[in-house]
Amino acid sequence: MKQIKALARKEFLESRVKLLVSLGVMAAIAVSLPLLFDWVRDVFMEMDAPERWAETITTQMGDYRIYLWGNWWGKNHSQTMLVLAMIWGMGIIARERENGVLACLLSRPVTRGKLLAVKFAAGAISLSLTSLASTMILLATSWLSRGDGIPWFILRAWPQAALVIVAVFALTTLFSTLLRDRVMALLASLGTTVVVTALGFIAPLRHISPLYLMSAPRALMTGRQDLAALAGLVVVTAALYSTANHALKRMEL
Amino acid sequence: MWFRINPSLALPIYLQIIRQVEGGVERGTLRPGDRLPAVRELAVSAAVNPNTVARAYRELEERGIVETRRGAGTFIGKGSSTRPEPLQSELDLLLTEAGRMGIGDEELLRLVERRVLGRPTESEETEQ
Amino acid sequence: MTDRAAIEAVDVHKSFGEVKALSGLTFRVERGSITALLGPNGAGKTTAIRLMLNLAAQDRGSLSVLGMDTRQHSLLIRRRVGYVPENRAFTPGFTVKRVLELFQGISETWDKELQNRLLSDFNLPPTRKVRELSRGMTGQLALILALSPRPDLLILDEPVSGLDPVMRREFMRNILAEVADRGQTVLLSSHNLSEVERTADTVVLMNHGKAILTGSMEHIKNTEKKVRVAPQGGLPPEVENHPAVISVRSEGRAFLLTVSGDTEDLLAQIHRHNPFAVEVLDLSLEDIFLARSEGDKQ
């Protein structure tokens, strides 16, 4: 519909810079990871490291594939993308509510549901594409720097990781709708994510930890997608989104 | 044609328009056959409500001062009946004020006569 | 009877937490009229407007715009209403052109010719960024956005604030042209009483969340007066307690009465006591506004 096109265009135009910066940051991380592998290993090998260290180093660094997966999905990509998801989500409603643009838009024949849907979709798509594009850059850099084929297996975790990112984006969107201040929305979202991750250190609860989920261990080990995890994430995202939608419908401007 | 509209007067704007048209006809600055601006034109140029202008024009037509020809516009009417008596608006003000001050007709006539003739009238002389 | 009205409010109440913004607001705006919505700050004018557009919902009472209930048919209403808000906010980084394109995209109807004519009349540069526009220019842009969809009802909230007298006049002229051409209804909430007095045919004066005075401009100016009386003795009780008298103030040996309603009967009562002097003072819209807004406090 014409309205959706116009609103989508607005969202993408507004977040041009944010998108470029996100891609830039993630690309830098993606490029550095394969390149650093040899460098880090060499550095550690040259150091006078105690026995236990040497074992860990050999195990971790020895297997490039584990190194890649562990650092990309277990750490660098995941932590950074989670923060980006929160930054993208913090102002989604709160900023335009504060500066009056929201009231201006809603005085025209646009439904609140459509407005939120377009904003959310734009953000979710941007974040997912950033995640995918940077992963592809990782693969390309790995292939170019090591010359031993493209590590396609890395992509196995992407669907799950992307869903976690979208879920955290939905969480931040909810806070952006409930709270008037963008910074408060960011802090609330950050706080919630940290708490959930911390709880995830308790063994039986690890399935709720975003970082755990983003590392998609089942997908790595079995080569197949963890359908239960994916379904769970979809349900959580839907619940968060629909709560935000409900809050927006009742909001007084 | 420029109209002087003073919105803060108690006199409604439509009457102000009517009076200025009548005044123009009285003084001869508006002659039979002259075209008045269209409702939209006058509303926009004087920055007043088009409904107000329309009302003024309707009233002027009822008083026989103008006539509207469809498609052509509103024109000052021809014929002597379009020449209104002078000083009507000023007399209206005088009568309103007199009414407010509680001055009766006889008293009012006496005041006017005295002012016009510039000296006490016969009836006053008799009183003294 | 309701379908003749462009806006009809019946006993509307609205609170925001502790603050009661509207307490039984009742008024009508007739189609094709230019109605002024006046009142001191905090009277509830902006709240009333927000309810019309369903940006917020009333606690109690009914409110309909163009014959449709504001809560049930909000989308339909917003298709036919043009709104110039007091707080004119646009995406700061956008150019004028982009803002116009966005609003065109979200509106059902759009008269591009009218948009372009207004753009050139106002001399708004399409490539200028919104954050670089003066307050007056954002007002002009807001008017273009409100008029281009050719709405049946135009709601303006402090539209000319920030505009110099020339721009103000130009602004009003464009609105008057639309009223003349299409019989558009206009609800104008403005502190700029001189423009209001020229153009409005109906007045709704609000204070403390209610309409304290409504009627045609002509009627209001006929019934709201001040009367200065210098009585022989003190002020007679039939005069002081007359239903038309709103307030009394002493000025040395005379009394200044603020009067609303049947002035003729009051004057008859006054003359019965043979006062030294009686003076009836016509009031401008501003005088009426001040008298009624201050008078309320007593």
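Residues numbered from 1 in each chain as written. Chains lettered and ligands numbered in written order. Predicted model: local features only at pLDDT ≥ 70, side-chain atom pairs only at ≥ 80, totals over all residues.

## Notes on the overall build of chain B
The test is simple: The way it works is that DSSP assigns letters per residue, a run of H or I at least four long becomes a helix, a run of E at least two long becomes a strand, and they are numbered from the N terminus. Three exposure classes are used. Buried residues have 20 or more other C-beta atoms within 10 Å of their own C-beta, exposed residues have 12 or fewer, and partly exposed residues fall in between, all C-beta atoms being placed from the backbone. Each residue gets a C-beta atom placed from its backbone, and two residues are in contact if those atoms lie within 7 Å.
Along chain B, the regular secondary structure elements total 6 helices and 3 strands. Burial analysis of chain B (128 residues in total) assigns 24% to the buried set. Pairs at least 24 residues apart make up 50% of the contacts formed inside chain B by residues separated by at least 6 positions.

## Digging into the sheet that holds strand S6 (residues 81-84) of chain C
Residues and elements named next belong to chain C. For the record, the criterion: Whether two strands pair depends on DSSP finding at least two bridges between them. Orientation is described by axes fitted as lines to C-alpha atoms, over the contacting stretch for helices, and by angles from 0 to 180 degrees between their N-to-C directions.
If you walk across this open sheet you meet the 6 strands as S6-S7-S8-S3-S9-S10, and the pairing is mixed. Two strands close off the open sheet at either side, each with one partner strand: S6 and strand S10 (210-216). Taking each pair of neighbouring strands and ignoring which way they run, the sheet shows an average axis angle of 15°. Two strands pair when backbone bridges link them, and strand S9 (residues 202-207) and S10 are joined in this way by 6 bridges, in the antiparallel orientation.

## Structural notes on the interface of chain A and chain C
The interface of chain A with chain C comprises 21 residues on the first partner and 21 residues on the second. Only helix H1 (2-14) and helix H6 (101-106) of chain A provide two or more residues apiece to the side of chain A that touches chain C. Considering each element in turn, the side of chain A that touches chain C owes the most residues, 8 residues, to H1(A).

## As for the interface of chain C and chain B
Between chain C and chain B, the contact holds 24 residues from the first and 18 residues from the second. In terms of residue count, helix H6 (residues 165-182) of chain C provides more of the side of chain C that touches chain B than any other element does, 8 residues in total.

## Digging into the pairing of S6(C)
Residue and element names in this part refer to chain C. Along S6, one buried face is formed by Val 81 and Tyr 83 and the opposite face, lined by Gly 82 and Val 84, is buried too. Bridge count between S6 and strand S7 (residues 153-157): 4 bridges; the pairing is parallel. Of the residues in S7, the one forming a bridge with Val 81 is Leu 153.

## Comments concerning the pairing of strand S2 (residues 19-30) of chain C
Residue and element names in this part refer to chain C. Taken together, the 9 bridges between strand S1 (residues 5-16) and S2 define a ladder with antiparallel strand orientation. Looking at S2, one finds that Phe 16 is bridged to Val 19. The antiparallel pairing of S1 with S2 creates a hairpin that spans 2 residues between the two strands, and Gly 17 there sits at a positive phi of about 65°.

## A few points about the sheet that holds strand S12 (residues 245-251) of chain C
Residues and elements named next belong to chain C. With antiparallel pairing, 4 strands are arranged side by side in an open sheet as S12-S13-S11-S14. The sheet is open, and its two borders are formed by S12 and strand S14 (277-282), each paired with just one other strand. Strand after strand, the sheet turns through a mean of 20° between neighbouring axes, direction not considered. Where strand S11 (residues 224-230) and strand S13 (residues 254-260) come together, 6 bridges link them in antiparallel fashion. For Glu 224, the partnering residue across the bridge sits in S13 and is Ser 260.

## Brief notes about the environment of C:Glu218
Residues and elements named next belong to chain C. Looking at the secondary structure, you find Glu 218 in helix H8 (residues 217-223). For Glu 218, a count of 19 C-beta atoms within 10 Å puts it in the partly exposed group. Between the C-alpha atom of Glu 218 and that of Arg 173, which follows or precedes it by 45 residues, the distance is 22 Å.

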